[in-house]
Amino acid sequence: MTAKSETEPVLAPTSTAPAVRLRGAELSYGSRVLWSGLDLDVAPGEFLAVLGPNGSGKTSLLRVLLGLQQLSTGSVEIAGAPARRGSNRIGYIPQQRALDATVMVRGSDLVGLGLDGHHWGTGLRGRRERQRRVAAALRAVEATEYARMPLGLLSGGEQQRLRVAQALVSDPSVLLCDEPLLSLDIAHQRKVSRLIANQARQSGAAVLFVTHEINPVLPLVDRVLYLVDGRFRIGPPDEVMNSATLSELYRTDVEVARVGGRLVVAGTDDHDHHVQEAEKA
Ligand SMILES: Nc1ncnc2c1ncn2[C@@H]1O[C@H](COP(=O)(O)OP(=O)(O)OP(=O)(O)O)[C@@H](O)[C@H]1O
């Protein structure tokens, strides 16, 4: 052993690592390439919006980070270690699927599942800590009132708030959100957006936020990853969400305008509804 190595501090492998790192990443299903050559670092505290039309591979990207889907080529790391299933550093709000009315699991039990893999010791102390965290997460999404009811009897928006609580309960360092605002009313969209932003700004989580509608989170977004047909762009919203860049990505004329602080995108099937919304306003 050299004198240098004896005096150097031993750094944890995660201390300088980005929260998420992809290098030369490609994902293909058979001959279909969803994306390739993807190099991406997401820093702790960063809020990355992931956009693109249906089928462009947004959910598949989250599945890669969750260790549920293998890359075809390249590497993926979470806080300096290879992505793996069941990592308790990751909170995940999955794309919403309506639950059958026969699902009898209670909301509070669903939220508690977000703590699986976390150990605060066995016995009373560990159980109390678990209960305290679940109760705080339920309060944060205003779900305490119905947390003891079977999930199948709750409305879509109520179920969604419980999924958000489940993702946040473990204070994750990476938060993966797949269209988390769907089926929430405007007031709860704002509250949930704020909770997710707090996880980034206050707890230093890296947030990857898949969405078809950037406007509700536009003030929170640091960078955008925009996927179209195997092509992609990464950068601050103004660098990506402009007519030239989106026209190049979609290979057709796309108009992007700022209207009263909102982005209005026209010329893609994916975005034409934004124009209708702006016309209604
Ligand atoms: N295991 C799989 N085997 C083969 N094809 C798959 C598999 N998983 C996903 N796909 C295909 O990959 C494409 C990308 O799917 P993905 O769900 O990632 O898209 P997305 O961008 O999230 O779309 P959306 O906006 O509709 O949610 C889709 O065409 C899908 O059918």
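Residues numbered from 1 in each chain as written. Predicted model: local features only at pLDDT ≥ 70, side-chain atom pairs only at ≥ 80, totals over all residues. Heavy atoms only, no water.

An unreviewed UniProt entry annotates the protein chain as Zinc/manganese transport system ATP-binding protein of Saccharopolyspora spinosa. The UniProt entry for the protein chain carries the following comment under Sequence similarities (unreviewed entry): "Belongs to the ABC transporter superfamily." (UniProt positions renumbered as here; feature names shortened; annotations may be inferred.)

Colleague: How do you make sense of the site of the ligand when you look at a structure like this?
Modeller: Around the ligand, the surrounding shell holds 13 residues, and the nearest of these are R32, N54, G55, K58 and S60. Contacts to the ligand include G57, whose backbone N or O atom sits 2.9 Å from an oxygen atom. In isolation the ligand exposes 650 Å². Once the protein is present, 60% of that is buried. If you list the elements that add at least two residues to the shell around the ligand, you get strand 2 (32-42) and helix 2 (58-65). Considering each element in turn, the shell around the ligand owes the most residues, 3 residues, to helix 2. When its residues are assigned to classes, the shell around the ligand shows 3 nonpolar, 8 polar and 2 charged. (Near = heavy atom within 4 Å. Polar contact = N/O pair within 3.5 Å; in protein donor to acceptor, adjacent residues only side chain to side chain. Areas by Shrake-Rupley, 256 points an atom, 1.4 Å probe, with all protein chains shown as cover. Helix = DSSP H or I, 4+ residues; strand = E, 2+ residues; numbered from the N terminus. Nonpolar A, V, L, I, M, F, W, Y, C, P; charged D, E, K, R; others polar.)

Colleague: Would you explain the sheet that holds strand 5 (residues 81-82) in this entry?
Modeller: Pairing between the strands of a sheet is mediated by backbone hydrogen bonds and can be parallel or antiparallel. Read from one edge to the other, the open sheet built from 4 strands follows the order 2-1-4-5, with strand pairing classed as antiparallel. Of all strands in the sheet, those with a lone pairing partner are strand 2 and strand 5, marking the two edges. Sheet contacts for helix 2: strand 1 (20-29), strand 2 and strand 4 (73-78); angle to strand 1, the most-contacted strand, approximately 125°. (Pairing = 2+ DSSP bridges. Contact = heavy atoms within 4.5 Å. Axes fitted to C-alpha atoms, helices over the stretch in contact; angles between N-to-C directions.)

Colleague: I would appreciate a short explanation of the side chain of R231 in the present structure.
Modeller: Inspection of the secondary structure puts R231 in strand 10 (residues 231-235). Nearest to the buried, unbridged R231 among oppositely charged side chains is D229, at 4.2 Å. A polar side-chain atom of R231 sits 2.7 Å from the main-chain carbonyl oxygen of L249. (Buried < 20%, exposed > 50% of the residue type's maximum accessible area, 1.4 Å probe, protein only. Lys, Arg positive; Asp, Glu negative; His and termini not counted. Salt bridge = Lys/Arg side-chain N within 4 Å of Asp/Glu carboxyl O.)

Colleague: How do you make sense of the nonpolar core when you look at a structure like this?
Modeller: Burial of nonpolar side chains together is a common tendency in soluble globular proteins. Counting 50 residues, the largest nonpolar core has L162, I196, I214 and Y226 as its most contacted members. Every residue in contact with L162, bar those within four places of it in the chain, is listed here: G107, L110, V111, L138, A143, Y146, L151 and L154. Core analysis: the second largest hydrophobic core is formed by 30 residues, A19, L40, V42 and V76 among them. (Core = buried A, V, L, I, M, F, W, Y, C linked by side-chain atoms within 4.5 Å.)

Colleague: Hey, could you run me through the environment of P237 in this one?
Modeller: Topologically, P237 is positioned in helix 7 (residues 237-240). In this structure P237 comes out as buried when scored by relative accessible area, which is 11%. Counting along the chain gives 23 residues from P237 to I214, while the straight-line C-alpha distance between them is 9.5 Å. If we skip the residues at most four places from it in the chain, P237 touches L218, V221, D222, R223 and V224.

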